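In case you want the letters, here they are:
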Amino acid sequence: MQEPTNNQAPLPGGKQCFNCGKELQNDVALCPHCGAPLPTQGSGFKIVLRLIGVMLLGGLALLLGASGACFMLFATIKGFNGGVSDDLGLAFIGLILFAFAGLCIWGIIALTKKRKI
């Protein structure tokens, strides 16, 4: 911590800005000197939860997308071999799986969007 200047006493329970090094009060979200956002209580936990959510949604999107591609491939192969009865059903399942994969990607975008402090 910096030494107080101009005969000012240090702020009780104060913290220091990681960007400019000036002494701050505990209840500020932005440094009044340089404008840098300051970490808040529990912000690290929220970041970890958001990261876990992004990883889970990413894995689910990959799984659903690959499954959808397999169903579409099976429908195409069956169509080439003369099978007509299940072709549309397999293709429809593939499209539904692709749609759910897209929803997972939309969730990832929503989780990683910058939020105002």
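Residues numbered from 1 in each chain as written. Predicted model: local features only at pLDDT ≥ 70, side-chain atom pairs only at ≥ 80, totals over all residues. Heavy atoms only, no water.

Regarding the overall build of the protein chain
Part 1 of the reasoning: In terms of helices and strands, the protein chain carries two helices and two strands.
Part 2 of the reasoning: Walking the protein chain from its N terminus toward its C terminus, one meets helices and strands in the order β-β-α-α.
Part 3 of the reasoning: The buried share among the 117 residues of the protein chain stands at 20%. (Helix = DSSP H or I, 4+ residues; strand = E, 2+ residues; numbered from the N terminus. Buried < 20%, exposed > 50% of the residue type's maximum accessible area, 1.4 Å probe, protein only.)

A word on the confidence of the model for the protein chain
Interpreting fine coordinate detail is not advised for predicted regions of low pLDDT.
Part 1 of the reasoning: Of the residues in the protein chain, 74% reach a pLDDT of 70 or more, and the chain-wide mean stands at 78.
Part 2 of the reasoning: By mean pLDDT, the top-scoring element of the protein chain is helix α2 (residues 87–112) (89), and the lowest-scoring one is strand β1 (residues 15–16) (77).
Part 3 of the reasoning: Low confidence marks residues 6–11, where pLDDT is under 50. Its contacts with residues over four positions away, or in another chain, come to five contacts. (pLDDT = per-residue confidence, 0-100. Contact = heavy atoms within 4.5 Å.)

What to know about a nonpolar patch on the surface
Part 1 of the reasoning: Together, F45, V48, L49, I52 and L56 make up a nonpolar patch on the protein surface, roughly 510 Å² of accessible area in all.
Part 2 of the reasoning: Mapped onto the fold, L49 is located in helix α1 (residues 43–80).
Part 3 of the reasoning: Classification of L49 as partly exposed rests on a relative accessible area of 46%. (Patch = residues over 30% accessible without salt bridge, like charges linked within 9 Å, V, L, I, M, F, W, Y side chains within 5 Å. Areas by Shrake-Rupley, 256 points an atom, 1.4 Å probe, with all protein chains shown as cover. Salt bridge = Lys/Arg side-chain N within 4 Å of Asp/Glu carboxyl O.)

Quick notes on the environment of T76
Part 1 of the reasoning: In this fold, T76 is placed in helix α1.
Part 2 of the reasoning: Along the sequence, T76 and L88 sit 12 residues apart, while their C-alpha atoms lie 9.6 Å from each other.

Observations regarding the state of the cysteines
Part 1 of the reasoning: Following the criterion strictly, the structure yields zero disulfides and no others.
Part 2 of the reasoning: We note that C34 lacks a disulfide partner, and the nearest cysteine sulfur, in C31, lies 3.7 Å from it. (Disulfide = S-S within 2.5 Å.)

Observations regarding α2
Because each turn of an α-helix spans 3.6 residues, side chains separated by three or four positions in sequence point in the same direction.
Part 1 of the reasoning: For α2, spanning 26 residues, the distance from its first C-alpha to its last is 38 Å, which sits close to the expected 38 Å at 1.5 Å a residue.
Part 2 of the reasoning: Here α2 has its buried residues at D87, L90, A91, G94, L97, A101, C104, G107 and I108. (Expected span 1.5 Å × (residues − 1).)

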